[in-house]
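One-letter residues, chain by chain:
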Amino acid sequence: MTPEAALAALPFGAAFRFVDQVISCDGAGRVVTATHYDTDRKVIAAHASLGSLIPGSILIEQAAQTALLLALIRGDAAPDRLGVVGAIKARFERPVTAPAELWCELTVAYLQAPQLGFAAEISLDGKVITRVSGACTLEMPGAPP
Amino acid sequence: MADDLQVTDEILDKVREIAAEALDVEPEEVSLDGDLFEDHGLDSIGIVMIHVELALTFGFPEPARGEDLSHIRTVRALSGFVHHRTAVEVPR
């Protein structure tokens, strides 16, 4: 699947999509995505009292959606049976505020279908702000075969 | 797998530490030869997180597609897997 088709296949509406663009994808297990966070985005505006802080939970979601995107591009996941994250480990190196464009570099660390493990670094201007690793099942429980 | 290769205590200790974190227990509670699933209650997501941590810690790449890892169920077997993956990455 092409990166563009994979982006379109993410099962989220615009309000909850935290991957804007695929910067690069080697097709073998590494992808870099970009996400722009504006201050008027609802989830950021809700944190205006904190100086438009980008919430850590959203950074985790950016990494998880990037993992799903890579699985779609590689053909490890099907658009109609998309899976869910089962475990996440995150380390926040520094806070970041909007507006900002954050890149997520993600590599596949484990793949035994239907399960995938990944490691990701989210960065701002080349400096890592968050490290995320996770495990997900690529098939939604109860999805039709 | 690399049964003929010598697994160091350093690898065994680190793998046990990673397995203990996934199980949310102390490393001393994880036996080297106990089945992580049947004896320690590890679930299918837990083993994925262990492999991710091993890859990050020891720096080896994603396992090849189709490689069956389901038989790796103990700390000692995981350590052998790590030793094999790291050994093949180092030029002789």
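Our structure's up above, just so we're on the same page.
Residues numbered from 1 in each chain as written. Chains lettered and ligands numbered in written order. Predicted model: local features only at pLDDT ≥ 70, side-chain atom pairs only at ≥ 80, totals over all residues. Heavy atoms only, no water.

Quick notes on the nonpolar core
With 39 residues, the main nonpolar core has Tyr37(A), Ile54(A), Leu69(A), Leu102(A), Leu106(A) and Leu116(A) as its most contacted residues. For this core, the elements supplying multiple residues, two or more each, are helix 1 (3-9), strand 2 (30-37), helix 3 (56-74), strand 4 (100-112), strand 5 (115-124) and strand 6 (127-139) of chain A. The biggest single contributor to this core is helix 3 of chain A, with 10 residues. Aside from chain neighbours lying at most four places away, what touches Leu116(A) is Ala71(A), Val108(A), Tyr110(A), Leu111(A), Gly134(A), Ala135(A), Cys136(A), Leu138(A) and Val48(B). Counting 29 residues, the second largest nonpolar core, distinct from the first, contains Ala135(A), Leu36(B), Ile47(B) and Val48(B). (Core = buried A, V, L, I, M, F, W, Y, C linked by side-chain atoms within 4.5 Å. Buried < 20%, exposed > 50% of the residue type's maximum accessible area, 1.4 Å probe, protein only. Helix = DSSP H or I, 4+ residues; strand = E, 2+ residues; numbered from the N terminus. Contact = heavy atoms within 4.5 Å.)

Details of unusual backbone geometry
Apart from glycine, the bulk of residues carry a negative phi angle, and the bulk of peptide bonds sit in the trans form. With omega at 0 degrees, the peptide bond leading from Ala98(A) into Pro99(A) counts as cis. Inspection of the secondary structure puts Pro99(A) in the loop between strand 3 (82-92) and strand 4. Its identity is not glycine, yet Ser52(A) carries a phi of approximately 60 degrees, on the positive side. Here Ser52(A) lies in the loop between helix 2 (42-45) and helix 3. With a phi angle near 60 degrees, Asp24(B) is a residue other than glycine that sits in the positive phi range. The topology assignment puts Asp24(B) in the loop between helix 1 (9-23) and helix 2 (44-58). Judged by relative accessible area, which is 70%, Asp24(B) ranks as exposed.

A few points about a negative patch on the surface
Side chains of Asp24(B), Glu26(B), Glu28(B) and Glu29(B) sit close together on the surface and give a patch of like negative charge. Tracing the chain through its elements places Glu28(B) in the loop between helix 1 and helix 2. (Patch = residues over 30% accessible without salt bridge, like charges linked within 9 Å, V, L, I, M, F, W, Y side chains within 5 Å. Areas by Shrake-Rupley, 256 points an atom, 1.4 Å probe, with all protein chains shown as cover. Salt bridge = Lys/Arg side-chain N within 4 Å of Asp/Glu carboxyl O. Lys, Arg positive; Asp, Glu negative; His and termini not counted. Charge placed at Lys NZ, Arg CZ, Asp CG, Glu CD.)

Re the interface of chain B and chain A
Put simply, an interface is often sized by how much accessible area is lost when its parts join up. Taken together, the contacts link 17 residues of chain B with 23 residues of chain A. Where chain B abuts chain A, roughly 1,500 Å² becomes buried across the two surfaces, and 58% of that area is made up of carbon and sulfur atoms. Summed over the shared surface of chain B and chain A, the result is two salt bridges. Ionic pairing is found between Glu21(B) and Lys89(A), a salt bridge with its closest N-O pair at 3.1 Å. Counting across the chain B and chain A interface gives five residue pairs in polar contact (both at pLDDT 80 or more). The dominant element in the side of chain B that touches chain A, judged by the number of residues it contributes, is helix 2 of chain B, at nine residues. Here the residues of the side of chain B that touches chain A sort into eight nonpolar, three polar and six charged. (Buried area = accessible area lost by both parts, 1.4 Å probe. Polar contact = N/O pair within 3.5 Å; in protein donor to acceptor, adjacent residues only side chain to side chain. Nonpolar A, V, L, I, M, F, W, Y, C, P; charged D, E, K, R; others polar.)

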